[in-house]
Amino acid sequence: MAEIDIHKEFVALVKEIIVPVFQVHGFTKSGNNFYRENNEVGQFFNIQQSRWNVACEKSFVFNVGLIDKEVHTYVYNREIPKCPKEHDCDIRLRLGHLMSTGDNWYDMNERTDISKLRAQVTYDIETFAIPFYDRYSDPVRWVEFFEWHQEPLVSPIGKFLIMERYGKRDMAESFLKELYMEALTPKPSVRETHTPSGEVIRTESNSAVNKEWIGRLLDLANRSNITLNTPPDYDTSLNAGLL
């Protein structure tokens, strides 16, 4: 069996299989990112390679994302970049979540049947990614995400604004109040890193009241005419000067 040039095969997969699919649907390419705009909505696709890739083996995964221009401008206090990246999206998720396979990575090594991999990638994008963009081209439907068993990644303020703007005012108000209470009584955060050997490295950071975050929540509540109540035992002097 002839030795496979993994890097060459990956580049060919992107150029010959993935790029044509997105070009047909009006996406522009920048690096391993694809993007198109539909009125006030931006639609994003990304090919993410594993940090553990080596010359003889490569793993990659697909990320999909959506941007509401007005929500984005409020959350990040800036316009959408000309070539957005995954972290610029208001809604972010793995393509595998649309396929009910979760964090679905594709592997390319000397044992891979490249023709089957190409066919699978084509099928997955055309069957799940493109219909996803078509269905959620209207952000009114984005409130559906918050009813999913596993919600997409979305910033807390972005989630509030989406619910508030698109018909879920009561849900938005309850959510903002929950965020505020959590901000007043923060818990230690734990971060996990998974190594190729299967080891899980956990690091914990101490809790502290984030006055800047509380200020943003108070500002958002004031803008939306929502009253945020503080616990009786909370030192309200900590909020002095935040509004």
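How each quantity is defined
- Residues numbered from 1 in each chain as written.
- Predicted model: local features only at pLDDT ≥ 70, side-chain atom pairs only at ≥ 80, totals over all residues.
- Heavy atoms only, no water.
- Helix = DSSP H or I, 4+ residues; strand = E, 2+ residues; numbered from the N terminus.
- Polar contact = N/O pair within 3.5 Å; in protein donor to acceptor, adjacent residues only side chain to side chain.
- Contact = heavy atoms within 4.5 Å.
- Core = buried A, V, L, I, M, F, W, Y, C linked by side-chain atoms within 4.5 Å.
- Buried < 20%, exposed > 50% of the residue type's maximum accessible area, 1.4 Å probe, protein only.
- Expected span 1.5 Å × (residues − 1).
- Bend = angle between axes of the 7 residues up to and from the residue.
- Patch = residues over 30% accessible without salt bridge, like charges linked within 9 Å, V, L, I, M, F, W, Y side chains within 5 Å.
- Areas by Shrake-Rupley, 256 points an atom, 1.4 Å probe, with all protein chains shown as cover.
- Salt bridge = Lys/Arg side-chain N within 4 Å of Asp/Glu carboxyl O.
- Lys, Arg positive; Asp, Glu negative; His and termini not counted.
- Charge placed at Lys NZ, Arg CZ, Asp CG, Glu CD.

Draft legend 1. Expanded view of the side chain of E164. If you trace the backbone, E164 turns up in helix 5 (residues 156-165). Looking at E164, its side chain comes within polar contact range of the side chain of S224, at 3.0 Å. Excluding residues that lie within four positions of it along the chain, E164 makes contacts with R169, A172, R223 and S224.

Draft legend 2. Structural detail: the nonpolar core. Formed by 60 residues in total, the largest nonpolar core has its most connected members in I18, F45, F62, I125 and Y133. Per element, the largest residue contribution to this core is nine residues, and it comes from helix 1 (residues 6-24). Counting five residues, the second-largest nonpolar core is a separate cluster that includes Y35, I67, I80 and C89.

Draft legend 3. Structural context of helix 7 (residues 211-223). With 13 residues, helix 7 should cover 18 Å at 1.5 Å per step; its first-to-last C-alpha distance of 18 Å lies within 8% of that length. Buried residues belonging to helix 7 abut helix 2 (69-76), helix 5 and helix 6 (169-184). Sitting at the head of helix 7, N210 places a side-chain oxygen 3.1 Å from the backbone nitrogen of E212. Among the residues trailing helix 7, N225 stands out with phi positive, at a value near 55°.

Draft legend 4. Structural detail: the environment of T227. With respect to the helices and strands, T227 occurs in the segment after helix 7. Owing to a relative accessible area of 57%, T227 belongs among the exposed residues under this scheme. Along the backbone, T227 and C89 are 138 residues apart, and their C-alpha atoms lie at a distance of 29 Å.

Draft legend 5. Structural view of helix 1. Over its 19 residues, helix 1 extends 27 Å from the first C-alpha to the last, a length consistent with the 27 Å expected when each residue adds 1.5 Å. Bending of helix 1 peaks at approximately 35° at the position of I18, with proline P20 no more than four residues after it. Every buried residue of helix 1 is accounted for by I6, F10, A12, L13, V14, I17, I18, V19, V21 and F22. Those residues of helix 1 that are buried lie in contact with strand 1 (28-30), strand 2 (33-38), strand 3 (41-49), strand 4 (57-68), strand 6 (106-109) and helix 4 (114-135). Looking one or two residues beyond helix 1, the residue adopting positive phi is G26, at roughly 85°.

Draft legend 6. Here's a closer look at a negative patch on the surface. A surface patch of negative charge is lined by E3, D5, E57, D107 and E110. With respect to the element layout, E3 can be found in the segment before helix 1. Overall, E3 belongs to the exposed group, its relative accessible area being 78%.

Read these as layout, nothing more, since geometry by itself doesn't imply function.
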